[in-house]
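Structural description and commentary
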Amino acid sequence: MVDSRAKKLFSAVAADALVTVQDDLRFYVTGFNSSFGVVVTDKSGTVLYTDSRYLEAAQSRLSDSGISVSEYPRGIKLAELLADYKSLAMPFNRITASEYNDLISAGYILKDSAPAFKSAMSVKSAEEIQNVTLACQATDKAYCELLPQIKEGMTENEVAALLEYLMRKHGASGTSFATICAFGANASVPHHETGATKLRYGDEILLDFGCKINGYCSDCTRTVLFGDDGKHAEFKDCYDKVLTAHMLVKQEFHSGMTGRQGDAIARDYLEKFGLAKFFTHSLGHSLGINIHEAPNLTPTDESVFSDGMVFSDEPGVYIAGRLGIRIEDTVTLKDGSVCSLTNSDKKLTIL
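This report concerns the structure included in the present document. (Residues numbered from 1 in each chain as written. Predicted model: local features only at pLDDT ≥ 70, side-chain atom pairs only at ≥ 80, totals over all residues. Heavy atoms only, no water.)

**Here's the deal with the overall build of the protein chain**
Summing up its helical and strand segments, the protein chain has 10 helices and 19 strands in all. Since a compact globule built from 351 residues should have a radius of gyration of about 20 Å, the 23 Å found for the protein chain is in line with a globular shape. Each of the 351 residues in the protein chain was classed as buried or not, and the buried ones make up 56%. The long-range share in the protein chain, meaning contacts at least 24 apart out of those at least 6 apart in sequence, stands at 62%. Of the side-chain charges in the protein chain, 35 are positive and 46 negative, and the distance between the mean point of each set is 1 Å. (Helix = DSSP H or I, 4+ residues; strand = E, 2+ residues; numbered from the N terminus. Rg over C-alpha atoms; globule rule 2.2 N^0.38 Å. Buried < 20%, exposed > 50% of the residue type's maximum accessible area, 1.4 Å probe, protein only. Contact = heavy atoms within 4.5 Å. Lys, Arg positive; Asp, Glu negative; His and termini not counted. Charge placed at Lys NZ, Arg CZ, Asp CG, Glu CD.)

In structure tokens:
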């Protein structure tokens, strides 16, 4: 599978060699995770050059992949390693000006591989979707185990740490991103920095969390109430509206629609109740190896979505100093329709 990825990318870049050094893109091409390495794909095949920290593991992991593994020669620069080629394809949006200038100065013709990666990574294979699904299942299990363990007086940091532990308990290698836990009015900041705020009776709790399994991400947000003090009429009304917007996307979005059209499904519904002005971010983003990939569901994204794409459905309403609500699932398009990969309960939960 990974060897065919390398071949597909190489055929798309029209260069003597496709050169990949970025950690995430290198993992995409090889299926091997490391903090250092250079992948070179040419008409003869693909070679991963890495150092002694990873050499044995890489040789074992890639023994039947069709990708060769060699030790990166000590003391030589990238330009010297690639001396057999005239034109190189590298992602221009992921290399520094210094790297670009060094290779140009060495006489190479550089071509941009970023569009090829963007296109290839936007549609997931069955294996990739299975890995995302595993991460989503771990996320769901962790969340369900977390809820009965939340107690008054716990801090945001403590709840976030417990949730991260539970995701690892269910097989995660780590988190997809820094876990967000927001109590009370802190939830009105969409990307609140989890801190030392203590939980009180009647607080809302917003949790935005995800984990990685086999190198692939999950992403989920749930908003719950910690007890009902009778002061949450506005919150409950907004919650119902956000949940309806979330479910409308699942019902109405389909293959062949654009990201802009997907965003409009949720935004137009919230606008009916004067809430769209409080929906301050886009509806969703693609995810896979990275938590943010392309295409996206925004008011301006005209990318056409197709089967095999994996993305988030996360409408929200944020009223400064009062409340914040976000309901998010990781979803994919299958047979033209939205299929949810995170499936924990989205009805308003009162602990």
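Next comes the rest of the description.
**Examining the packing of aromatic side chains**
The full count for this structure, using the stated rule, is 11 aromatic pairs. An angle of 90 degrees between the planes, with centres 5.7 Å apart, marks the rings of Phe92 and Tyr100 as edge-to-face. The exposure class of Phe92 is partly exposed, given its relative accessible area of 33%. Since its relative accessible area comes to 32%, Tyr100 is described here as partly exposed. Members of the aromatic cluster, joined through ring pairs, are Phe253, Phe305 and Phe311. (Phe/Tyr/Trp six-rings, centres within 6.5 Å; stacked < 30°, edge-to-face > 60°.)

**Looking at the environment of Pro190**
Residue placement: Pro190 occurs in the loop between strand E8 (180–183) and strand E9 (204–209). Taking the C-alpha atoms as reference points, Pro190 and Ile180, separated by 10 residues in sequence, lie 9.1 Å from one another. Not counting the four nearest positions on each side in its chain, Pro190 is found in contact with Ile180, Thr280, His281, Tyr318 and Arg326.

**Some words on the sheet that holds strand E12 (residues 220–225)**
The sheet built from 3 strands is open, its strands ordered E8-E9-E12 with antiparallel pairing. Looking at which strands have only one partner, the edges of the open sheet turn out to be E8 and E12. Going across the sheet, the axis of each strand differs from the next one's by a mean of 10 degrees, ignoring polarity. Pairing of E9 with E12, which is carried by 6 bridges, proceeds in the antiparallel orientation. For Leu207, the partnering residue across the bridge sits in E12 and is Arg222. (Pairing = 2+ DSSP bridges. Axes fitted to C-alpha atoms, helices over the stretch in contact; angles between N-to-C directions.)

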